[in-house]
Amino acid sequence: MGLIEFMIQVGISHCLLGAEVRFDGGHKQSRFCKDELSKYFTFVPLCPEVGIGMSTPRKTLRLIGDIDSPRAVFSDGTDGDFTEELSQYADKHKTRLDQLSGYIFCKASPSCGLERVKVYSNKGGAERKGTGIFAARVKELYPDLPLEEDGRLNDPLLRDSFVKRVYLYAQWQALVANGLTVNDVQKYHAKHKLLLMAHSQPVYRELGPIVAAITKDNLASESARYFSRFMQGMTKVATRRNNTNVLMHLQGYVKKAIDSDDRQELAKAILEYREGIQPLMAPLTLLKHHLKRNPDEYALQQSYLEPYPSQLAIRAAL
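Quick caveat, the model's predicted, so the values are computed rather than measured. Numbering of residues begins from 1 in every chain and follows the order in which that chain's sequence is written. Reporting in this predicted model follows two pLDDT cut-offs: at least 70 for local features of residues, and 80 or more for side-chain atom pairs to be given and counted; totals over whole chains, interfaces and linings ignore these cut-offs and use all residues. Only hydrogens and water are set aside when side-chain values are computed; all heavy atoms of the structure are taken into account.

Some points on the environment of Glu149
Strands here mean DSSP runs of E at least two residues long; helices mean DSSP runs of H or I at least four residues long; both are numbered from the N terminus. Assignment of secondary structure puts Glu149 in strand E8 (residues 147–149). Along the primary structure Glu149 and Ile104 are separated by 45 residues, whereas in three dimensions their C-alpha atoms are 5.3 Å apart. Here, residues are in contact when the closest pair of their heavy atoms is within 4.5 Å. Not counting the four nearest positions on each side in its chain, Glu149 is found in contact with Ile104, Phe105, Lys107, Ala108, Gly113, Leu114 and Glu115.

Following this line, the structure appears as structure tokens:
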């Protein structure tokens, strides 16, 4: 199973692609999404506020009331409560959302903000602890779906984690669509073991026994439990320490096949990465070079070596 053989569908707040659908008639175009990710993902743009019939431009909305169940109302105090409509917009588009392998939301939006959205109390004060109404419903409907905000994608580690999760989710979707088998789960886990190790070693250790215990009889429930926990583990960023552990693990598959000078060069590259002197691509490029010249079937199948298209150049900043 390669990266994936079809264009992955990812939902996105329409304003992030440059559509002038915001309350002020403007947009919040994301160059990374529009210029880079669009080469690999088919974006499915949605604007729930316009989708429920609100005009552009329009009065601004704000969240009020309880942090965990706020209401979306006009910020100027005039009549209008759009909470149910914004939430139901997700349910009305469920057939479309079912096809997605990820979603990128607009930061701070009362409809689409994923976190730290202002919620106002009856006394007028605000706390940045809310979630936009539409985003909250998408999260509720699809708890394992990779979700992110445009602003957070400026962080290389969060960008790396999100794009990986989108590809992993799409591959799992393809397996399920074709009729998931016990063998499918075992192969999926084997392929992504080192990738998971780089993100969460506790989850990595937890999932091995779960996979080993999956049978035809419990496949439906246990595979769902496995994948949900797998995706939770992948939300953790890949730390320099964990990446170093994986690099050293992969080093073991080539060290007997290469000469002393090459072993020292590889060991130095891994050490310099661990110390922050070199980017991840330095030791990784050497490992891939040696594995190409000295193939090892298990190591070469590891998605850690190339979890997404290298042209995205995300790992160059890690």
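Now that the structure has been shown, we can carry on.
Quick word on the packing of helix H7 (residues 182–199) against helix H10 (residues 240–251)
Between the N-to-C directions of two axes lies an angle of 0 to 180 degrees, each axis being a line fitted to C-alpha atoms and, for a helix, fitted only over the stretch in contact. For the pair H7 and H10, interaxial distance at closest approach is 7 Å and the crossing angle is 150°. With respect to their mutual orientation, H7 and H10 come out roughly antiparallel. The hand of the H7/H10 crossing is right-handed. Across the interface between the two elements, Leu194, Met197, Ala198 and His199 from H7 touch Asn242, Asn243, Val246, His249 and Leu250 from H10. Only Asp, Glu, Lys and Arg are considered charged in this grouping, and only Ala, Val, Leu, Ile, Met, Phe, Trp, Tyr, Cys and Pro are considered nonpolar; every other residue, Gly among them, is considered polar. Here the residues of the contact of H7 with H10 sort into 5 nonpolar, 4 polar and no charged. Here is the rule for angles: anything less than 35 degrees is roughly parallel, anything more than 145 is roughly antiparallel, 65 through 115 is roughly perpendicular, and the remaining ranges are oblique. Note on convention: the crossing is left-handed when the near helix lies turned anticlockwise from the far helix by less than a right angle, right-handed when the turn is clockwise.

Quick word on the sheet that holds strand E2 (residues 41–46)
DSSP calls a pair of strands paired once it identifies at least 2 bridges connecting them. Overall, parallel pairing links the 4 strands, which are arranged E2-E1-E5-E8 in an open sheet. For this open sheet the edge positions go to E2 and E8, each flanked by a neighbour on one side alone. Direction aside, neighbouring strands of the sheet carry axes that sit 25° apart on average. Pairing of strand E1 (residues 8–13) with E2, which is carried by 6 bridges, proceeds in the parallel orientation. Each residue of the ladder has a partner; that of Gln9, found in E2, is Thr42. Strands in contact with helix H5 (residues 133–141) are E2, strand E5 (103–105) and E8; relative to E5, the strand with the most contacts, it is inclined by about 160°.

Notes on the sheet that holds strand E3 (residues 61–64)
Taking strand neighbours across the sheet as the criterion, the 4 strands line up as E4-E3-E6-E7 in an open arrangement whose pairing is mixed. The two strands at the open ends of the sheet, each matched to only one other strand, are strand E4 (71–74) and strand E7 (126–130). Between one strand and the next, the sheet's axes are offset by a mean angle of 50°, whatever the strand orientation.

Side note on a positive patch on the surface
For patches, a residue must show more than 30% relative accessible area and have no salt bridge; joins then use 9 Å for like charges and 5 Å for nonpolar side chains, namely Val, Leu, Ile, Met, Phe, Trp and Tyr. Each accessible area is a Shrake-Rupley result for a 1.4 Å probe, and residues are judged covered by the shown protein chains and nothing else. Any Lys or Arg side-chain nitrogen found within 4 Å of a carboxyl oxygen on Asp or Glu counts as a salt bridge. In this charge count, Lys and Arg are treated as positive and Asp and Glu as negative; neither His nor the chain ends contribute. The atom standing in for a charge is NZ when the residue is Lys, CZ when it is Arg, CG when it is Asp and CD when it is Glu. Taken together, Lys107, Arg116, Lys118 and Arg128 make up a surface patch of like positive charges. Mapping Lys118 onto the fold places it in strand E6 (residues 117–120). The rule is simple: take the accessible area with a 1.4 Å probe, protein chains only, and divide by the maximum for that residue type; under 20% is buried, over 50% is exposed, in between is partly exposed. Classification of Lys118 by relative accessible area gives partly exposed; the value is 35%.

Structural notes on the pattern of salt bridges
On inspection of all chains with the given rule, the structure shows 16 salt bridges. Between Asp35 and Arg31 there is a salt bridge, with the nearest N and O atoms lying 2.7 Å from each other. Of the two residues, Asp35 and Arg31 are both situated in helix H1 (residues 31–36); the distance of 4 residues between them amounts to about one turn of the helix. Ionic pairing is found between Glu222 and Arg225, a salt bridge with its closest N-O pair at 2.8 Å.

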